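# Analysis of the macromolecular model
Chain by chain, the residues run as shown.
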Amino acid sequence: MEALGSVAWPPEPIRTERLVLREPEARDRAAFVELLASPEVHTYLGGPRPRDELERELPGVPERWPGSFVVELDGSMIGQILLRRTTGHRRPAAAGKADLGYLFLRRAWGSGYAGEACAAALGWLAAALPGEPVVLTTQTANLASMRLAAKLGFTEMERFEAWDAEQWLGLWSPTGR
């Protein structure tokens, strides 16, 4: 994965009805450790990283690069949205396209925050890179992620086997086609 290309970064914070999407800051480090060490969050992502390893290795301001948004609720980080260019993707149909990823702390599940934050990030990308298609890959067993992809308007491109599980690859187009 690599940066998105010619986007102005960091953008002004993106505000939704309940959330703020912004660049990571030093105050987010503990939430990043919690997010990356959570077995629940990483059920479909190959498992969590060891907390002690994260405490040692994460920089003071984690994940600070173009396309990495902290999702903030009431002044605290509850998740992360990732937009990156796919290079070397397992599926040729995804290569070179922007890729959407997201992680939310368990306590933020079930309230619609992921949908709200992802829609805002896709809106930002559509304005920053007009016409840019976006791909999303998730395990078909991750029913919540499959529902979110449909709600956001991703359409299935293909299914494939990887990491001992069936994967789903979807495409989103800012033109709605």
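Residues numbered from 1 in each chain as written. Predicted model: local features only at pLDDT ≥ 70, side-chain atom pairs only at ≥ 80, totals over all residues. Heavy atoms only, no water.

## Some words on the packing of aromatic side chains
Aromatic rings in a pair are described by how distant their centres are and how their planes are angled relative to each other. Using the following cut-off: For Phe, Tyr and Trp, rings pair up if their centres lie within 6.5 Å, where Trp contributes its six-membered ring, and each pair is then called stacked (planes under 30 degrees apart), edge-to-face (over 60) or tilted (otherwise). Under the DSSP-based scheme used, a helix requires at least four consecutive residues in state H or I and a strand at least two consecutive residues in state E, with every element numbered from the N terminus. Throughout, exposure labels follow a simple rule: accessible area from a 1.4 Å probe, protein chains only, divided by the maximum for the residue type, with under 20% read as buried, over 50% as exposed, and the rest as partly exposed.
Scanning all chains against the criterion turns up 3 aromatic pairs. Plain terms: the ring middles of Trp9 and Phe69 are 5.0 Å apart, the flat faces sit at 70 degrees to each other, and that makes the pair edge-to-face. Placement of the pair is Trp9 in the segment before strand E1 (14-15) and Phe69 in strand E3 (residues 68-73), with a sequence separation of 60 residues. For Phe69, a relative accessible area of 1% puts it in the buried group. With centroids separated by 5.6 Å and ring planes inclined at 75 degrees, the aromatic side chains of Trp9 and Trp124 adopt a geometry described as edge-to-face. Residue Trp9 is located in the segment before E1, and its partner Trp124 is located in helix H3 (residues 113-128); the two are separated by 115 residues in the primary sequence. Counting every residue linked through ring pairs, the aromatic cluster contains Trp9, Phe69 and Trp124.

## Digging into the pairing of strand E8 (residues 165-172)
What counts, and what does not: One requirement defines pairing of two strands: DSSP has to find at least two bridges between them.
Within E8, 6 of the 8 residues are buried, leaving the element largely enclosed by the surrounding structure. The sheet contact formed by strand E6 (residues 134-139) and E8 spans 6 bridges and is antiparallel. Its bridge partner lying in E8, Val135 is registered against Leu171. Judged from the 7 bridges that link them, strand E7 (residues 155-162) and E8 form a sheet pairing that is antiparallel. Following the sheet pairing, Glu156 is matched in E8 by Gly170. Between E7 and the antiparallel strand that follows it, E8, lie 2 residues; Trp163 among them carries a positive phi value of about 55 degrees.

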